[in-house]
Amino acid sequence: SRMKRLGMMLNSSRSQRHLALIDVKGFHPRDVTVVVKDGKMTVSAKHKEEHNTAVAKTCNYRKFIKEFNLPPGVNEDEVTYSL
């Protein structure tokens, strides 16, 4: 699976600079929020789609949150991320 491959990439990385790889497929970059605070990194995403037809209104809502403890000695101000 894709998540298994991402996990293998993270585990095989020889660099101590990577904390996590997260699959955010299906979310636009503006849907994703990353917060680093109190020794933790929180990645969250929300997406809502509404469709109106002559017969009905449908709504699709997706949300996830993942939280990680930062390794000891990591300066919160130096944590970066990319999408």
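Predicted model, so just to flag it, every value in this text is computed and none were measured.

J.: How should the overall build of the chain be read in this particular structure?
T.: Helix and strand counts for the chain come out as one helix and three strands. Reading the chain from its N end, one meets helices and strands in the order α-β-β-β. Here the chain, with 83 residues, has 16% of them falling under the buried criterion. Expressed as a percentage of contacts within the chain between residues at least 6 apart in sequence, the contacts between residues at least 24 apart total 38%. Counting only carbon and sulfur atoms, one obtains 50% of the accessible surface of the chain, whose full area is about 7,100 Å².

J.: Help me out: how do you make sense of the pairing of strand S2 (residues 40-52) in this one?
T.: Residues in a regular strand project their side chains so that they alternate between the two faces of the sheet. Across six bridges, the pairing between strand S1 (residues 32-37) and S2 is antiparallel. Directly across from Val-36, in S2, lies its bridge partner Met-41. Between the end of S1 and the start of S2, which pair antiparallel, lie two residues, with Asp-38 showing a positive phi angle near 55°. Between S2 and strand S3 (residues 57-69), which follow one another and run antiparallel, lie four residues.

What counts, and where the lines are drawn
Residues numbered from 1 in each chain as written. Predicted model: local features only at pLDDT ≥ 70, side-chain atom pairs only at ≥ 80, totals over all residues. Heavy atoms only, no water. Helix = DSSP H or I, 4+ residues; strand = E, 2+ residues; numbered from the N terminus. Buried < 20%, exposed > 50% of the residue type's maximum accessible area, 1.4 Å probe, protein only. Contact = heavy atoms within 4.5 Å. Areas by Shrake-Rupley, 256 points an atom, 1.4 Å probe, with all protein chains shown as cover. Pairing = 2+ DSSP bridges.

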